[in-house]
Amino acid sequence: MNNNEVTLFLIEDDDVDAITVERALKKRRIANPVIRAKDGMEALSLLQENKVPKPYITLLDLRLPRMNGIEFLDEIRKDELLHDMVVFVLTTSHDERDIKATYEHNIAGYFIKESAGDELLGIADMLQGYWRIVCLPS
Amino acid sequence: MKKAFDIPELEIIMDTVLDGFIIIDDMGVIQSFNQSAVKAFGYQAEEVIGKNVSMLMPEPYRVEHDQYLANYKDTGLKKIIGIGREIIAQRKDGSCYPMELAVNEMQLDGQRYFVGTIRDISERENLIKELKRSNEDLEQFAYVASHDLKSPLNGIKKLVSWIEKDHAENLPQEAIEHFGMIKNRADRMTKLLNDLLEYARVNTKLSDSETVDLHKLCHHTLSLVKNNDAFELSVPQAHINLSRTGLQIVMLNLISNVIKHHHQSHGIIEVDISPCTGGYNLSVTDDGPGIPEQYKDRIFEMFQTLKSRDQVEGSGMGLAMVKKVIAFYGGKVSLDITYTSGCRVQIFWPSKNNTFSMG
């Protein structure tokens, strides 16, 4: 599998945060395609309409309009086609309850925006290392 | 059998008393029950006289009451007599409410009786509950507000820094300066929000009393403050019994204020402490510009600064925080207006166990 083809599916309502992720990827010379949804509802319909090419991994914000991150996790985990999605959470929330609830939905990792550095370079570094060696379901 | 307190005149007087009045014998049997007690419990006097007073309380007080009486008879140990306390009472309809009970003992015709005075405090308790809830609401509001306000602010800071990074060479000097000012304002607002957040949440961080090495704590605190090099700190080598986290927050704010507001780049800070009735007297004195008397109250309010924030960066929350922490422990903080060679903040800090040892 050529991991350059792994798509990053970004679910993030804040434009500045979305640009921050894109800039971080660019700075680390990560050229993988990025597809963005602005809330859980939009993400779900993009997935159901097969608009996110496999393989992909998901970077999910928790505070979202219409359908928030945890509700989105609820939906995909009970969906026959989407239940095996690899989802990382990227949020401003330090709340223990969010951390617990999302891991109970089998997320691959929980990242707090502040700890990922001002420019989220920590996230780009993490993704770069992860993509280099990970095997994903195709 | 007619008892001495069954005189009609006495009954009339007792019925005019606003507090509930219940007389029991040393077996707990109700002998007298005035009108206010009738109102409070919903029982008529005839329904309760001759019955055990424990019928007016829910479990577990019911069982406990019989034990109290038995205990008192055997040992003479007073748990409530002459003291009074808050207990839960049960009305005829089964509903319960908090009341204040005061009990006294009397001897009459060689018999021992207990006189209970009761006062319904459910309204007071409800008010306290309501007040607690609204305080919690306020703290929650401050927390959520400052948390949510930070996120667009971070967005602004990022956008400005991207413009600077991506287009620095194309920007006129004035635009670069103005971007600098935007970033400075954004940082200031972040600081305001962080301090507000901290202020709203401080009570949750405050610890109980423990033995604290004051000298060590103050010097450690000084080392955390920016531009501390030329400031001399003198603190007695005392071990005291206070909340460590509370003292740290107070000292950090007071010491950093001294350094931030000093008219010179060097100075002297003197911390002094002595035990007093019910706690400690603590003072922090500096050789800075001092604070005019007219501001002695305002400086302890939220978001108050005596200089423009462009001159001295500060949220104006420091002394408000000091006041909140000390108020949490029931203490007092004020500016010593008699001290004129700088600024002296004096604190009374309660401590049940105000130990004091030097060395």
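Residues numbered from 1 in each chain as written. Chains lettered and ligands numbered in written order. Predicted model: local features only at pLDDT ≥ 70, side-chain atom pairs only at ≥ 80, totals over all residues. Heavy atoms only, no water.

## Looking at the interface of chain A and chain B
Where we set the bar: Any two residues whose heavy atoms approach within 4.5 Å at even a single point are treated as in contact. Here the quantity called buried area is the total loss of accessible area, with a 1.4 Å probe, experienced by two parts when brought into contact, counted for both. Take a side-chain nitrogen of Lys or Arg and a carboxyl oxygen of Asp or Glu: if they are within 4 Å of each other, that pair is a salt bridge. Distance and chemistry together define a polar contact, namely a pair of N or O atoms within 3.5 Å, with one atom able to donate a hydrogen and the other to accept it when in protein, and with adjacent residues in sequence counting only for side-chain atoms on both sides.
Contact residues are listed per partner, giving 10 residues for chain A and 10 residues for chain B. Counting the surface lost from both chain A and chain B, the interface buries some 890 Å², and carbon and sulfur atoms represent 46% of this. Counting the contacts that link chain A with chain B gives three salt bridges. A salt bridge links B:Asp166 to A:Arg23, with the shortest nitrogen-to-oxygen separation between them at 2.7 Å. Our count for the chain A to chain B interface comes out at four residue pairs in polar contact (both at pLDDT 80 or more).

## Some details on a nonpolar patch on the surface
The criterion, for reference: What goes into a patch is any residue over 30% in relative accessible area without a salt bridge, connected to like charges within 9 Å or, for nonpolar side chains (Val, Leu, Ile, Met, Phe, Trp, Tyr), within 5 Å. For every accessible area listed, the method is Shrake-Rupley and the probe measures 1.4 Å; residues are considered covered only by the protein chains on display. Labels follow the DSSP assignment, with helices taken as runs of H or I lasting at least four residues and strands as runs of E lasting at least two, numbered in each case from the N terminus.
A grouping of B:Ile7, B:Leu10 and B:Ile13 is seen on the molecular surface, where their side chains present a nonpolar patch of about 250 Å² in accessible area. Structurally, B:Leu10 is set in helix 1 (residues 8–16).

## Some words on the side chain of B:His262
Residue and element names in this part refer to chain B. The test is simple: Throughout, exposure labels follow a simple rule: accessible area from a 1.4 Å probe, protein chains only, divided by the maximum for the residue type, with under 20% read as buried, over 50% as exposed, and the rest as partly exposed.
Checked against the element boundaries, histidine 262 lands in the loop between helix 8 (244–261) and strand 9 (267–276). A residue is classified by how much of its surface remains accessible, and histidine 262, at 10% relative accessible area, is buried. Engagement of the side chain of histidine 262 in a polar contact is seen with the backbone nitrogen of glycine 288, the distance being 3.4 Å. Those residues in contact with histidine 262, other than ones at most four positions away along the chain, are Phe231, Gly267, Asp287, Gly288 and Pro289.

## Here's the deal with the packing of helix 1 (residues 15–27) of chain A against helix 5 (residues 122–167) of chain B
Our working rule: Each axis is a line fitted through C-alpha atoms, and for a helix only the stretch in contact is used; angles between axes span 0 to 180 degrees, taken between their N-to-C directions. In this scheme, roughly parallel covers angles under 35 degrees and roughly antiparallel covers those over 145, while 65 to 115 is roughly perpendicular and the rest are oblique. Rotating anticlockwise by less than a right angle from the far helix to the near helix defines a left-handed crossing, while the corresponding clockwise rotation defines a right-handed one. Throughout this entry, Asp, Glu, Lys and Arg are counted as charged residues, while Ala, Val, Leu, Ile, Met, Phe, Trp, Tyr, Cys and Pro are counted as nonpolar. The remaining residues, Gly among them, count as polar.
With their axes 10 Å apart at the nearest point, helix 1 of chain A and helix 5 of chain B run at an angle of 40° to one another. Between helix 1 of chain A and helix 5 of chain B, the crossing angle belongs to the class labelled oblique. Crossing of helix 1 of chain A over helix 5 of chain B shows left-handed handedness. Contacts from A:Val16, A:Asp17, A:Ile19, A:Thr20 and A:Arg23 in helix 1 of chain A reach B:Gly155, B:Lys158, B:Leu159, B:Trp162 and B:Asp166 in helix 5 of chain B. Its residues assigned to classes, the contact of helix 1 of chain A with helix 5 of chain B comprises four nonpolar, two polar and four charged.

## Description of the packing of aromatic side chains
Note on aromatic pairs: each is described by the distance of the centres and the angle between the planes. As a reminder of what qualifies: Pairing of aromatic rings covers Phe, Tyr and Trp, the last through its six-membered ring, and needs centres within 6.5 Å; plane angles under 30 degrees mean stacked, over 60 mean edge-to-face, and all others mean tilted. The criterion is that NZ of a Lys, or CZ of an Arg, lies within 6 Å of the ring centre and within 35 degrees of the ring normal, and then a charge sits over that ring.
Summed over the entire model, instances satisfying the criterion amount to seven aromatic pairs over all chains. An aromatic cluster is defined as three or more aromatic residues linked by ring pairs; in this entry it consists of A:Phe88, A:Phe111 and A:Tyr130. If you follow B:Lys324 out to its NZ or CZ, it ends over the ring of B:Tyr199, 4.6 Å from the centre.

## Points about the domain arrangement of chain B
The line we're drawing: Boundaries of every domain are those given by an automatic assignment or by a domain database.
Considered domain by domain, chain B is made up of domain 1 (4–120), domain 2 (123–205) and domain 3 (208–359). Of note, the centres of domain 1 of chain B and domain 3 of chain B, computed from C-alpha atoms alone, are 52 Å apart.

## Side note on the sheet that holds strand 3 (residues 56–60) of chain A
All names here are of chain A. Going by this rule: Think of it this way: DSSP has to see at least two bridges between two strands before they count as a pair.
If you trace the five strands from one edge of the open sheet to the other, you get 2-1-3-4-5, paired in parallel fashion. Pairing within the sheet leaves two strands with one partner each, and these edge strands are strand 2 (34–37) and strand 5 (109–112). Each strand of the sheet is rotated relative to its neighbour by a mean of 20°, with strand direction disregarded. Where strand 1 (residues 7–11) meets strand 2, four bridges bridge the pair, whose relative direction is parallel. The residue bridging leucine 10 from the neighbouring strand is arginine 36, located in strand 2. Across the sheet, helix 2 (residues 40–48) touches strand 1, strand 2 and strand 3, and the angle it forms with strand 2 is around 130°.

## Remarks on the packing of helix 5 of chain B against helix 6 (residues 173–205) of chain B
Residue and element names in this part refer to chain B. Running from N to C, helix 5 and helix 6 cross one another at 160°; their axes reach a closest spacing of 9 Å. In terms of axis orientation, helix 5 runs roughly antiparallel to helix 6. Crossing hand, helix 5 versus helix 6: left-handed. Residue composition of the contact of helix 5 with helix 6, grouped by class: 15 nonpolar, six polar and seven charged.

## Some remarks on the environment of B:Lys216
Locating B:Lys216 in the fold gives a position in helix 7 (residues 214–224). With relative accessibility at 59%, the residue B:Lys216 sits in the exposed group.

## Regarding the pairing of strand 3 (residues 85–90) of chain B
Residue and element names in this part refer to chain B. Sheet topology places strand 3 next to strand 4 (residues 96–108); six bridges connect them, and they run antiparallel. Paired with arginine 85 across the bridge in strand 4 is leucine 101. Hairpin connection of strand 3 to strand 4: five residues between the antiparallel strands, including glycine 94 at a positive phi of 95°.

## Examining the pattern of salt bridges
Inspection of every chain in the model, using the stated rule, returns 28 salt bridges over all chains. Between A:Asp17 and A:Lys113 there is a salt bridge, with the nearest N and O atoms lying 2.8 Å from each other. Note that A:Asp17 is positioned in helix 1 and A:Lys113 in the loop between strand 5 and helix 5 (121–133), a separation of 96 residues in sequence. With a shortest N-O distance of 3.3 Å, B:Arg124 and B:Glu100 are connected by a salt bridge. Taken together, the positions of B:Arg124 in helix 5 and B:Glu100 in strand 4 put the pair 24 residues apart, joining distant regions of the chain.

## Focus: the state of the cysteines
Residues and elements named next belong to chain B. The line we're drawing: Here, the term disulfide refers to a pair of cysteine sulfur atoms separated by no more than 2.5 Å.
One pass over the structure, following the stated rule, counts zero disulfides over all chains. In this model cysteine 218 remains outside any disulfide bridge; the closest cysteine sulfur is found in cysteine 343, 16 Å from its own. A relative accessible area of 0% places cysteine 218 in the buried class.

## Section: the sheet that holds strand 13 (residues 356–358) of chain B
Residues and elements named next belong to chain B. Taking strand neighbours across the sheet as the criterion, the three strands line up as 6-8-13 in an open arrangement whose pairing is antiparallel. The open sheet has two free edges, formed respectively by strand 6 (209–213) and strand 13, since each of these has just one partner strand. The mean inter-strand angle of the sheet, taken between neighbouring strand axes irrespective of direction, is 30°. The sheet contact formed by strand 8 (residues 238–243) and strand 13 spans three bridges and is antiparallel. Across the sheet, isoleucine 240 pairs through a bridge with phenylalanine 356, a residue of strand 13. Set on the sheet, helix 7 makes contact with strand 6 and strand 8; between it and strand 6 the angle comes to about 75°. Helix 8 rests against strand 6 and strand 8 of the sheet, and its axis sits at about 100° to strand 8.

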